[in-house]
Amino acid sequence: MANEDLEYNPFYLALQNQFSNQLSAAQEKCFTICIPCSSSLGQTTLFSKAFVELHILKPSPYVQGQYYATDGSDKISFNIKLNTIQNISGFQRNLETQIIGEELGYNKKFEQYRFLLIDQPLDPDFKIPSGNDDQNSVLDKLKPVETIKECYVFLFEFPEHKEAMREFDKGIYTFLTSYVVVIGYLDHAAKKLRSLAENCEKNILEINNQIATDRRLTDNLRISLESYVLNQVHDPLLKVISKACKNECMQISKKCKDNQNIDGKSLRLDSKFCCPLNSSIEVIKQLDTYKTPLQKAGCLKKTIDTIIKDVNAHHRAKDDGLLVFREGQHKEGVTITSDELISLLVIVVIRSSCENLPNHLKFIETFHWTDFPNSEYNYSVVTLKASLKFILSETFDQMMKPSLEPVSLAR
């Protein structure tokens, strides 16, 4: 949902655990369930029944778009319009809350209900509990790590990790100086590196109870250890992968050189999506500078996000009021399907002349053993894989020729 994983949201977790009865009832009755984003809740993990009832809304039987809190009083009401929730009654001061994400669910009767991710709690009087620097530091650690710098900071911010990391470094040094990476045995190399990371993880979890008891921190630990080791061994691994993927890279290179004039029209894309993709091309060119699966997949995610931005920038320049969104975002505008996104990525790949993409894809698929921060990373990798498959299988000569309309000789 949007850029937040509900699995880590403290209010959503509270609904699933302490308030499971209220959640089940809301789903059964197809009520709207509002989830304040994690950043708006601070360190709060304990919620009152009143707070929960305030965020489960039932529709008014009289006014469309109006909702009541489920506290039973019908005194607290809200109006949901476009991407905002406005407080109508029940509080001394009004509050306008932004809807930043929406997700649909289905109950046992296959009836639809909604989760709305909102930018702040619906209670105008809610205040984030004040905390000290240590508490803020803990909150920072709970955020999914997304860059190599964040991975390094996470690993070395805990003083008790020092000995475990020293042993990890020894194992990495032994791999670099003694292990011979061979084509056809890349999976064996991946198992060796994974074993080093998992052994370090085991040592850290034995001494750091804070990480061991919080899945969010454990996930951060795993992706950080993966990134730490692969950042150091990337170059010799990629050298062998380049040999393994040589033929595929040569085919991609030839397709890129032969089809530099490719555009949306030649791929028979809807005219709404035909536009310059210069920013996206520049983003994907940066892929060669990254060394970890997290970084590489993050670059692909950024490329796809930038494709959407390029299309919308094109429409802003035309001033036609058209907005394009990806499937599943449930926003007002034009939805771009996965197939259309694959076609746009095909254009970006060909016009960027990034012939090494098969190497990066192989690297991610072979040497990534943990979970990415969210599903959009996986989606981006799969989309690139589909785009490369399309490029290798298609004959663009026929697609790029102008179609001829049948000519009637009847007088």
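What you see is a predicted model, and the numbers here were worked out from it, not measured in a lab.

## Quick word on the packing of aromatic side chains
Where two aromatic rings form a pair, the distance of their centres and the angle of their planes describe that pair. This model, assessed by the stated rule, comprises 13 aromatic pairs. Summarising the aromatic geometry, the rings of Y12 and F115 are spaced 5.7 Å apart at their centres and angled 80° between planes, so their arrangement reads as edge-to-face. Taken together, the positions of Y12 in helix α1 (residues 10-16) and F115 in strand β7 (residues 112-118) put the pair 103 residues apart, joining distant regions of the chain. Where F175 meets Y179, the ring centres are 4.8 Å apart and the plane angle is 15°; that geometry is what we call stacked. Judged by its relative accessible area of 4%, F175 falls in the buried class. Judged by relative accessible area, Y179 falls into the partly exposed class, the value being 23%. Within the aromatic cluster, the residues linked to one another by ring pairs are F11, F47, F51 and F126. The residue whose ring lies beneath K272 is F273, and the NZ or CZ to ring-centre distance is 5.9 Å.

## Considerations on the packing of helix α7 (residues 186-207) against helix α9 (residues 215-244)
Where α7 meets α9, the axes come as close as 10 Å, and the angle between the chain directions of the two elements is 150°. The orientation of α7 relative to α9 falls into the category roughly antiparallel. In the crossing of α7 with α9, the sense of the turn from one axis to the other is right-handed. Packed against α7, whose contacting residues are L186, L193, A197, C200, E201, I204 and L205, the element α9 presents T218, L221, R222, L225, V229, L230, V233, L237, V240 and I241 at the interface. Its residues placed into classes, the contact of α7 with α9 shows 14 nonpolar, one polar and two charged.

What counts, and at which threshold
Residues numbered from 1 in each chain as written. Predicted model: local features only at pLDDT ≥ 70, side-chain atom pairs only at ≥ 80, totals over all residues. Heavy atoms only, no water. Phe/Tyr/Trp six-rings, centres within 6.5 Å; stacked < 30°, edge-to-face > 60°. Helix = DSSP H or I, 4+ residues; strand = E, 2+ residues; numbered from the N terminus. Buried < 20%, exposed > 50% of the residue type's maximum accessible area, 1.4 Å probe, protein only. Lys NZ or Arg CZ within 6 Å of the ring centre and 35° of its normal. Axes fitted to C-alpha atoms, helices over the stretch in contact; angles between N-to-C directions. Parallel < 35°, antiparallel > 145°, perpendicular 65-115°, else oblique. Left-handed = near helix turned anticlockwise from the far one by under 90°. Contact = heavy atoms within 4.5 Å. Nonpolar A, V, L, I, M, F, W, Y, C, P; charged D, E, K, R; others polar.

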